[in-house]
Each structure stands twice: as structure tokens, then as C-alpha cells.
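The residues making up each chain are set out below.
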Amino acid sequence: MTERSRLVVLAGPTAVGKGTVAADVRARHPEVWISVSATTRPARPGEVDGVHYHFVSDDQFTEMVETGQFLEWATVHKAARYGTPRQPVDEALAAGRPAMLEIDLQGARQVRETMPEALFVFLKPPSWDELVRRLVGRGTESAEERERRLDTAQVELAAEKEFDVTIVNHEVHAAAEELVALMMLNCEQPPSTDL
Ligand code: 5GP
């Protein structure tokens, strides 16, 4: 019988590069299954529905919440709702695939309540200055939005101690490889004890 795999939950402060690390894993490790979240925010240029996110309306999202379709969901940056559809996660784990979620801290805390056996990985910036530089460098947010995200990031950095493992995001490829190595370890079949 296939051994059920252990879910890996990647979280960390805003703008630490979770999405970029997840994209790197997606591009170079097709053997890794990565959850596609549903979100109420509009697609950015280049984002494909069903690949990067399932872009849904507010009503659709509410319906998914009410019918228990989410493993976790949260309102992020007081702006839009994001959630992890439960069924594909269950299927990937049952198939024994290395599987991961890239979600915010509120979501990670919810998963810890319902799936404490998952492996919680905190992605950390090399320094606070580097985090600020990345946040400002992205240039996609207004000054007000940036301030709000920095406030959130400060609180989120303090959450590192709640996690099982920390990966420092010095460089995207290296962080992605570290993550994949962890996932492979957590998918390995334990040695058989059958005689
Ligand atoms: P973005 O809009 O930049 O793609 O993502 C914003 C934030 O939402 C990121 O911190 C990302 O980790 C988080 N996020 C993406 N999908 C989910 C999800 O399914 N659940 C939760 N809780 N957060 C998510």
C-alpha cells in the first residue's frame, strides 16, 4: 500500500519570497505537488487561472467556505481572501506524493490545528533590511499598503519559533533546493520491519 506522505507547509513574513521559492520548485521539480489556492483577488498580468490560483468571485469563495471545501482560509493584508482547497491536498497525500502549501501565517496556524502532523517550514529573510528592500523593490504596492505590510511582517517574523524548521532565503534556488530536500526526506518510506 502507498505510504501517505507528510504535508509540508511553507509560510513566512510578507515579501520574504515564498511565492518565488514555490514557483522555482514548481518549475524544476514536477514530482512535487503544490496546492493551487483559491483567491478573491484579481489576477496579475501573466497569472493563469488554475495554475497560479483559482480566481473566484466573493460569492464563490463564500460558497466554498460554507460547504467546507477549504483546509484553511484567511483574509490576507485586509484585502482579499485566500484558501486551500481540501480535496486535492488529501488526494496528493494519499498518493504518497511530496506535497506542499505556500500560505500565510494565519493559514499555517489553522493547518496546525487540524493537521499537526504536517511539517511547518518558516522562510526567513537574511535580515530585516533585506526584507524592507524586497518589499519596496517590488514596487507594486502604494506607500500606505507598504506600511501595512511592513507592520504585518514585523509581527510575522516573531512567529519563527512556532515552526519546525527555518530556511533562510539568501538565494531562491538554494532555498528551493533546501525545501525539496526536506520534502523528500519526509516522503521516504520508513525501513520495512517485516520479516
Ligand atoms: P499574493 O497575492 O501576493 O499572491 O499572495 C499574498 C499572500 O497570500 C502571500 O503571503 C501568500 O502566502 C498568501 N496565500 C496564498 N495562498 C494562500 C492560501 O491558500 N491560504 C492562505 N492563508 N494564504 C495564502
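Now for a look at the structure at hand. Everything quoted here is computed from the prediction, not taken from an experiment.

## Points about the site of the ligand
Argument step 1. Taken together, 15 residues sit near the ligand, with Ser 37, Arg 41, Tyr 53, Tyr 82 and Glu 102 positioned nearest.
Argument step 2. Between the ligand and Thr 84, the relevant distance is 3.4 Å, taken from an oxygen atom to a side-chain nitrogen or oxygen of the residue.
Argument step 3. Here an oxygen atom of the ligand and a side-chain polar atom of Glu 102 are 2.5 Å apart.
Argument step 4. Protein chains shield 92% of the accessible area of the ligand, which is 510 Å² for the free molecule.
Argument step 5. When residues of the shell around the ligand are traced back to their parent elements, those giving at least two are strand 5 (70-76) and strand 6 (80-85).
Argument step 6. By residue class, the composition of the shell around the ligand is five nonpolar, four polar and six charged.

## Things to note about the packing of helix 1 (residues 18-28) against helix 7 (residues 172-185)
Argument step 1. As a packed pair, helix 1 and helix 7 sit with axes 9 Å apart at the nearest point and diverge in direction by 70°. In terms of their interaxial angle, helix 1 and helix 7 are classed as roughly perpendicular. For the pair helix 1 and helix 7, the sense of crossing is right-handed. Residues Thr 20, Val 21, Asp 24, Val 25 and Arg 28 of helix 1 touch helix 7, and the partners they reach there are Val 172, His 173, Ala 175, Ala 176, Glu 177, Leu 179 and Val 180.
Argument step 2. Split by residue class, the contact of helix 1 with helix 7 holds seven nonpolar, two polar and three charged.

## A few points about the sheet that holds strand 3 (residues 38-39)
Argument step 1. The four strands lie next to each other as 4-3-6-5, forming an open sheet whose pairing is mixed. With one partner strand each, in any of the chains shown, strand 4 (54-55) and strand 5 form the two edges of the open sheet.
Argument step 2. As defined by bridge partners, strand 5 adjoins strand 6 across six bridges and the pair is classed as antiparallel. Along strand 6, the bridge assignment pairs Thr 75 with Arg 81.

## A look at the sheet that holds strand 9 (residues 165-168)
Argument step 1. Ordered in space as 2-7-1-8-9, the five strands form an open sheet in which the pairing is parallel. This sheet does not close on itself; its edge strands, each paired only once, are strand 2 (33-34) and strand 9.
Argument step 2. When strand 1 (residues 8-11) meets strand 7 (residues 99-102), the two strands line up parallel, connected through three bridges. From the neighbouring strand, Val 9 faces strand 7, where its bridge partner is Leu 101.
Argument step 3. Contacting strand 1, strand 2, strand 7 and strand 8 (119-124), helix 1 runs over the sheet at an angle of about 155° to strand 7.

## Concerning the pattern of salt bridges
Side chains that differ in sign of charge can pair as their charged atoms come close.
Argument step 1. Counting across every chain of the model gives ten salt bridges.
Argument step 2. We note a salt bridge from Arg 109 to Glu 162, for which the minimum N-O separation is 2.6 Å. Taken together, the residues Arg 109 in helix 4 (residues 105-114) and Glu 162 in the loop between helix 6 (143-157) and strand 9 connect sequence positions 53 residues apart.
Argument step 3. With relative accessibility at 27%, the residue Glu 162 sits in the partly exposed group.
Argument step 4. Glu 160 is the salt-bridge partner of Lys 124, the closest N and O atoms lying 3.2 Å from each other. Of this pair, Lys 124 sits in strand 8 while Glu 160 sits in the loop between helix 6 and strand 9; the two residues are 36 residues apart in sequence, bridging distant segments of the chain.
Argument step 5. On the basis of relative accessible area, Glu 160 is assigned to the partly exposed category, the value being 25%.
Argument step 6. The structure contains a network of salt bridges with shared partners spanning Asp 24, Arg 28 and Glu 177.

About the criteria used
Residues numbered from 1 in each chain as written. Predicted model: local features only at pLDDT ≥ 70, side-chain atom pairs only at ≥ 80, totals over all residues. Heavy atoms only, no water. Near = heavy atom within 4 Å. Polar contact = N/O pair within 3.5 Å; in protein donor to acceptor, adjacent residues only side chain to side chain. Areas by Shrake-Rupley, 256 points an atom, 1.4 Å probe, with all protein chains shown as cover. Helix = DSSP H or I, 4+ residues; strand = E, 2+ residues; numbered from the N terminus. Nonpolar A, V, L, I, M, F, W, Y, C, P; charged D, E, K, R; others polar. Axes fitted to C-alpha atoms, helices over the stretch in contact; angles between N-to-C directions. Parallel < 35°, antiparallel > 145°, perpendicular 65-115°, else oblique. Left-handed = near helix turned anticlockwise from the far one by under 90°. Contact = heavy atoms within 4.5 Å. Pairing = 2+ DSSP bridges. Salt bridge = Lys/Arg side-chain N within 4 Å of Asp/Glu carboxyl O. Buried < 20%, exposed > 50% of the residue type's maximum accessible area, 1.4 Å probe, protein only.

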